[in-house]
Amino acid sequence: MIEEEMEKCISDQNQSEDSGYDTVVQHVTKRTQESKEYKEMMHSLKNIMIVVVESMINKFEDDEIRIQERQKKLQNEKSNSYCTDNCSDSDSSFNQSYKFCQGKLQLILDQLDPGQPKEVRYEALQTLCSAPPSDVLNCENWATLCEKLTVSLADPDLVFSDRILKFYAQTFTLSPLHMTKEIYTSLAKHLELYFLSRENRIPTLSTGVDITNANVIRLLKKVRLLNEYQKEVPSFWIRHPEKYMEEIVESTLSLLSVKYDQSHLVSQKILDPIYFLALVDAKAVWFKKWMHAYYSRTALLRLLEKKYKSLITAAVQQCVQYFELCETMKADEILRHSKLCGNKQKNFYYSGQELQYIYFIHSLCLLGRLLIYTQGRKLFPMKLKNRKDLVSLTDLLVLFTQLIYYSPGCPKTTSAAHSENYSPASMVTEVLWILCDQKECAIECLYNNTVIEALLQPIHNLMKGTEAASHCSETALIHVADILAKIASAEEGLILLLYGENVNSSEEENPTGAHVIAQFSKKLLDEDSPIFSGSEMLPVVKGAFISVCRQIYSTCEGLQVLIPYSLHESIAKAWKKTSLLSERVPTPVEGSDFVSSVSQQSQNIMVWEDNLLDDLLNFAATPKGLLLLQRTGAINECVTLMFNRYAKKLQICRHKKFGYGVVVTQVASTAAGAIALQSSGFINALITDLWANLECGRDDVRVAHPRSTPVDPIDRSCQKSFLALVNLLSYPAVYELVGNQELPNKAEYSLREVPTCVTDIIDRLIILNSEAKIRSLFNYEQSHTFGLRLLSVICCDLDTLLLLEAQYQVSEMLLNAQEENMLETSENYRDFIIDGLSVERNHVLVRINLIGGPLERILPPRILEKGNVPYPWPMFSSYPLPDCYLSEVTRNADIKQDNDLSKLLLCFKITDKQTEWIENYRRQFCKMMKTKPDIISGAALVELLEKFVFHLSETSSECYFPSVEYTATDANVKNESLSSVQKLGIKMTVRYGKFLNLLKDGAENHLSLVLKHCERFLKQQQIPIKSSLLCLQESYTGHDWFVSSLFMIMLGDKEKTFQFLQQFSRLLTSAFLWLPRLHISKYLPIDIIESGIHPVYFSSTHYVEMLLKAEVPLVFSAFHMSGFAPSQICLQWITQCFWNYLDWIEVCHYIATCIFLGPDYQVYICIAIFKHLQQDILQHTQTQDLQVFLKEEALHGFRVSDYLEYMEILEQNYRPVLLRDMRNIRVQST
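The structure displayed is predicted, hence computed values, not measured ones. (Residues numbered from 1 in each chain as written. Predicted model: local features only at pLDDT ≥ 70, side-chain atom pairs only at ≥ 80, totals over all residues. Heavy atoms only, no water.)

## A closer look at the overall build of the chain
Looking only at helices and strands, the chain has 62 helices and four strands in total. Working note: accessible area of the chain is about 57900 Å², and carbon and sulfur atoms make up 51% of it. (Helix = DSSP H or I, 4+ residues; strand = E, 2+ residues; numbered from the N terminus. Areas by Shrake-Rupley, 256 points an atom, 1.4 Å probe, with all protein chains shown as cover.)

## Section: the confidence of the model for the chain
Taken residue by residue, the chain gives an average pLDDT of 85. The fraction at 70 or more is 84%. Residue range residues 78-99 is modelled with pLDDT below 50. Its contacts to residues more than four positions away, or to other chains, number 23 contacts. Note on residues 410-420: pLDDT under 50 across the span, and 14 contacts to partners over four residues away in sequence or across chains. (pLDDT = per-residue confidence, 0-100. Contact = heavy atoms within 4.5 Å.)

## Regarding the side chain of Thr-555
For Thr-555, the location among the structural elements is in the loop between α28 (538-553) and α29 (556-562). Among the polar contacts made by the side chain of Thr-555, one reaches the main-chain amide nitrogen of Gly-558 at a distance of 3.1 Å. When residues no more than four places from it in sequence are discounted, the contact partners of Thr-555 are Leu-494, Thr-622 and Lys-1109. (Polar contact = N/O pair within 3.5 Å; in protein donor to acceptor, adjacent residues only side chain to side chain.)

## Overview of unusual backbone geometry
A cis amide bond, omega 0 degrees, links Phe-380 with the succeeding residue Pro-381. Here Pro-381 is to be found in the loop between α19 (374-377) and α20 (393-406). In this structure, Pro-880 follows Tyr-879 across a cis peptide bond, with omega equal to 5 degrees. On the secondary structure map, Pro-880 appears in the loop between α44 (836-849) and α45 (899-906). In this model, Ile-1080 sits at a positive phi of 35 degrees, which is unusual for a non-glycine residue. On the secondary structure map, Ile-1080 appears in the loop between α53 (1070-1073) and α54 (1086-1091). If you check the backbone angles, Asn-1140 has positive phi at about 75 degrees while not being a glycine.

## Overview of the environment of Glu-965
For Glu-965, the position within the fold is in the loop between α47 (938-953) and α48 (970-973). Classification of Glu-965 as exposed rests on a relative accessible area of 67%. The sequence separation of Glu-965 and Gln-1020 amounts to 55 residues, and the corresponding C-alpha distance is 9.3 Å. (Buried < 20%, exposed > 50% of the residue type's maximum accessible area, 1.4 Å probe, protein only.)

Given below as structure tokens:
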């Protein structure tokens, strides 16, 4: 009907212009309500509703009748019990409390009177327990009732007192704090009066505690109820006024401070309340919870300081007495005394000694928690009975450490759980671990020579073989090692172990903790001491102390201290011996009793073998440590172990905060390390995981909807794999993994064919030079973008760029791809299609073709701009590059000689005092660098370098390498060939030199001759090496960037360049600036040559990391958080003489500074750079792209001259150590 009316109105509306929607609605509503159909519907609906309502009313009346019958039945039951009041017509809590409070409470008070018969008192208490506690506590007479209950708690009737405790427990559970507080304080007050009363039979130390005794049971129940409330109340008392919490705290401390004035023997001493609390809460959990929150901790510490300090004094006194007891007891008594920590059976009697032990455990835990907080430590020093001197914090910590050695250990038959929980050594270790976790507390309490000496004293005794050594058990040593490892894992603790509190003290007179630990560990490993010989626990003791050493030698400064002990050799020797034993374990025969013992022995040997490998692996955390690891010959096994643990997602070490990232980066920075990573399966797993995220997705994830299109160039799912590849692909690794290998370039690729090596990644993701490769990718654009981004990062290493260009013609491939990405817009004009890939390729092409610092080249962005021209940068498909990418700012113009420069040149007037002349010259150079750094360039720099190096090479004291006779001429070397990498490097150098107006036509041939002369000159000083490493099978694998830089400094003069190099090669600085100088050089020890690691890595970059931690700790932490090693980026910077990172003038200043001021300035410059980049590094650590930033970005705004004063400070602090180590590269005894 409504629809018909609507149609009529709409048709009428079409004929009338005035009608609207509201008019139509009103008209249809009126017609519907007046219709016959509407009236019939309403009548029918009314009848239905009447039936429904009548049915509901009838059901309600039936329910009411049933309820009334049930209430009558309940009232009849109540009339037969103790309550005869029938005023209530319901059982609501409100009506009950009203009825209860008006007359019943007074009746109960009268009935609870001790003079009443037992049955009356029971009935009154039963009535009280059955009523809701909130109703009882809200009554006016509650205060009187509370006093009655407190008095009744002392009733000798056990059943009666138990029912009162039941009421207390019920009240604690169901009532709010302001009510339970009164119950708690009344219970605490009752116990306090109980212990103060002479009439009660409280056990003494001599009689002990029999927990089957009725009085003891009742007392323990009260104490336990009190303790349960103590542990629960902190969770809700912050929601109530502070006075409630303070009343609870004060009543507790008042109870625990109860003492008897006894003049008789200690053995006859009546037990204080604290003994019974310790029985029910041995580890003082109540105190731990009360100290946790500032809200309660403040009040608790204030009361302890002002009124109840005796409680803390008693706890310290108990620890002292227990230690004295341990010193005087005999072995059999000690075993009996330690029964508590090892007895699994239920104990019904506690002797006096056991009670003293339980109280000691309680005191130890209480003091351990107290020392964590500043206000708690302020309670010390304190005065003890029978002791003249005050007990300081240091005295207490020394006492704790002595307890580890002298306290009884649990029998070996006890379960591990029991012995670990309650043995004194375990408890003390747990407390000291907690203190170590709190930096401020550890510095104040633990990090001092006195405590460290106390920890190490038994080790001294064992090494000297004194009688005191017999008191020290293997278990105690393990606990001490755990504490020392925890101390060494913190920076302040490590410094204390390495240098002690007095850094300038002599090591011979007073060896520091690190030396003692290293000597002891070496004795254990070398098995040249009878200490614990034949003991089953000996491997565990060894492992524990090596773990301490590992915390030390996994840092640069720690390794420097421990190097003389050759721990890497001792550990490697022990590993090889254990490895042989694991091979000799007999095969168990099925059904034999021998099976379990053999399998257990085999398992123990395998665990010990893995632990030793793990100890060796931790050497790889530093550059010099990695050299030591490679010299042991166990690097492959160590990396395999690391990969197995990494695959199982196991923690690298319980004291380490971060994972394997830094170790992998260090290992990948060397050729042998890269091979080990490949052979272990690490690289295969990394690439497989990458491919799964990039192309396939995970097979075990149910796909409910298609994967979202990535918004970022590198999807977040692939970011971790991308950074791992960036860490992995340093030039030494790239050369070993890719060198001399051709790309597969298959005619067809299966969709299921997954890459497994670096060459496959280059083939499938970077060099997509065929339709077959493109079709094999599910996500072509995303995957190729990933490959181009990876290429952009790894090609920032110029040696890697030259290698890829020489082997795979990367730039030609990119240019061809750009050519194919063009569209004909008219008959004679073609334009580039601007898309994500073409923009990426354009960026990479400019980056790999242009050389220059931040002001010398312009790199196009990778993002589009808003507006009509989204990408204003011109693209190209052939060389040369468009001029817009070439900076016009830094074109070279020779600077006229300055007066100050003339003064500097006058310094070359030779005097009799060579040292004075050198220092004077260096001082003048520093002055010029600070005031007029720009004049140290061009011809002036050439003259300075030539004269300075000439005079140094003529001074025998300044020469590090011997003079080498060289007679070859240009004609002799002209026909010799250079590697393809060197040839491409020459072209790149000449292109850069011409851009800077430093080189002219013909420079390419001149530089080629210089390099050929250098190769022959250095070959005279090399020795042949048989090695599986590619980098050692021929001449230096990369380009000689130092020679190229020097050639440009000398303005393309080949004679000056080579003559300078011959003189310079005699100086120590040449070993660190000119990397090919020491390639397979006879001046290095043979094991260093075979490792393939350059001194720049194991010396310069090692000290960069060491100084970085001390000078710029935030940056050092940022590297570790990012899983990246500073040594890798520094090696890249130094190898290519900062090309592409600094402008040419700064490259010159870097070289000049190292030559004039010393090779250690190479380290200081790197530290200055990190200091300059600190904010950027911290920012990119947060965005998780630190590696990419450091490798791709130039060092904007950095000038060597700006940081020269800072570097001079570094020289004053570190030069003796650095130069001593740098001079030792020829005779490394590490």
